[in-house]
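Structure assessment
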Amino acid sequence: MEGDLTVYDLSPTLNINSCDIVGRVVTYDSTGVSVPESGTAVSVDAITEDGTTHGFTLEVAADGKVSYDLTENNTDPTTAGSDRTDVLANPTITTPDQTQESQTSDADATDAAGAEVADADAATSAGACSDGAYATADRKEYGTYEWYIGDGGMPGGLSQSDAKWAFWDAIDNITESYNNCGYTDQVGAASNYRGPTSFEADINSSSQCTSRDGVSTWDAGNLAGGHVAVTCSWTWPMLGVKNDLREADVRYNTTDFDFTNSPTSSCSNKYDIRSVGTHEAGHLFGMGHVGSGHENLTMYTNSFRCSTKARTLGKGDILGLRSIY
């Protein structure tokens with residue numbers, strides 16, 4: 001069979017050692033992943049315009065057998081474990097992204113007429129500090145998440161430097177448990193910014209995770225219609241504990257959506273860069289989506305336009321991270 005496969009074409013009992021399947025794309029629910037080498041799992045998580053959930057995990061065991069997790073809420077193993085050195089023998093260099101945006105740092109000028117929406121507003125939405133709902137994935141960063149910023153156009157037309165700080169702040173919101181609910185930071189997750197890179201996020205215009213290159217990159221470009229941003233995560237399966245994160249890439253969809261780093265009272269039809277980034281950072285550190293009735297939480301399936309609410313974690317977000325770290 002030529003071309004992409006679906007999860008229904010590729011049997012969960014198949015052994016990749018018996019056929020030339022590594023690198024083939026497997027699709028499900030308007031997303032997709034490239035089949036990784038043995039002993040690797042790859043997950044795709046999309047945040048969408050309409051709040052529906054899209055994503056799945058494909059795992060190839062050490063013996064070459066394929067399995068899937070097509071559910072959003074996972075039952076997890078324990079969180080104990082330790083980080084292992086990752087050596088990628090044949091990193092894949094992705095095709096340069098042809099979608100570029102202005103590199104000027106004043107691209108949010110259309111919002112200048114209004115005062116910026118205060119970050120403090122994020123936790124004041126009804127129930128943010130009382131809603132304890134959360135979902136977690138079979139994924140954990142046992143060491144330090146080392147990340148880079150791509151060298152193409154950035155969301156909101158930010159300069160690479162301004163985008164770096166926006167992404168950094170979003171990641172820190174997760175690792176430092178940023179909240180207005182009075183919870184102290186008891187989350188042991190860590191990150192480290194490594195600098196700019198010419199590597200692209202290993203995510204294509206169909207919201208499919210391509211073969212990984214060993215570099216965790218945040219960038220912007222084209223994604224499948226309706227997908228505001230996508231995170232692809234690669235892990236090593238761990239017996240009895242959460243899978244060990246090896247790489248996680250994030251891409252904002254700047255082809256179909258507009259973004260701003262400073263939502264104001266005059267904001268119209270733009271997504272907040274840091275709210276989206278905080279949600280995506282939650283995924284790479286092991287958080288899953290929560291659905292209807294939990295719109296006040298960062299990990300809700302939609303990041304509302306012109307809102308900074310998701311920059312600030314709610315009770316469920318904090319409890320979920322604490323359950324992992």
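Description of the side chain of Asp219
In this fold, Asp219 is placed in strand S10 (residues 216-221). Classification of Asp219 as buried rests on a relative accessible area of 2%. For Asp219, the side chain forms a polar contact with the main-chain nitrogen of Ala201, separated by 2.9 Å. A polar atom in the side chain of Asp219 sits 2.8 Å from the side chain of Arg251. If we ignore the near neighbours within four places in the chain, the residues touching Asp219 are Gly150, Met154, Glu200, Ala201, Val250, Arg251 and Tyr252.

With respect to the confidence of the model for the chain
For the chain, per-residue confidence averages 86 on the pLDDT scale, and 82% of positions sit at 70 or higher. Predicted confidence for residues 93-106 stays below pLDDT 50, and this span has 38 contacts to residues more than four positions away or in other chains. Residue range residues 109-113 is modelled with pLDDT below 50. Its contacts to residues more than four positions away, or to other chains, number eleven contacts.

Overview of the pairing of S10
In terms of burial, S10 is a largely internal element, six of the six residues being buried. Burial of the side chains of S10 extends over both faces: Ser216, Trp218 and Ala220 are buried on one face and Thr217, Asp219 and Gly221 on the other. Here strand S7 (residues 145-150) runs beside S10; their pairing, made up of three bridges, is parallel. Looking at S10, one finds that Trp147 is bridged to Ser216. The pairing of S10 with strand S12 (residues 244-253) spans four bridges and is parallel. In the sheet register, Ala220 faces S12, and the bridge partner there is Tyr252.

Section: unusual backbone geometry
Its identity as a non-glycine residue notwithstanding, Asp29 has a phi of 55 degrees, on the positive side. Tracing the backbone through its elements, the reader meets Asp29 in the loop between strand S2 (25-28) and strand S3 (31-34). Since its relative accessible area comes to 33%, Asp29 is described here as partly exposed. For Ser207, which is not a glycine, the phi torsion comes out positive at approximately 60 degrees. Following the sequence through the fold, Ser207 ends up in the loop between strand S8 (191-197) and strand S9 (208-209). Looking at Ser207, the relative accessible area reads 0%, which means it is buried.

Each value, and the rule that gives it
- Residues numbered from 1 in each chain as written.
- Predicted model: local features only at pLDDT ≥ 70, side-chain atom pairs only at ≥ 80, totals over all residues.
- Heavy atoms only, no water.
- Helix = DSSP H or I, 4+ residues; strand = E, 2+ residues; numbered from the N terminus.
- Buried < 20%, exposed > 50% of the residue type's maximum accessible area, 1.4 Å probe, protein only.
- Polar contact = N/O pair within 3.5 Å; in protein donor to acceptor, adjacent residues only side chain to side chain.
- Contact = heavy atoms within 4.5 Å.
- pLDDT = per-residue confidence, 0-100.
- Pairing = 2+ DSSP bridges.

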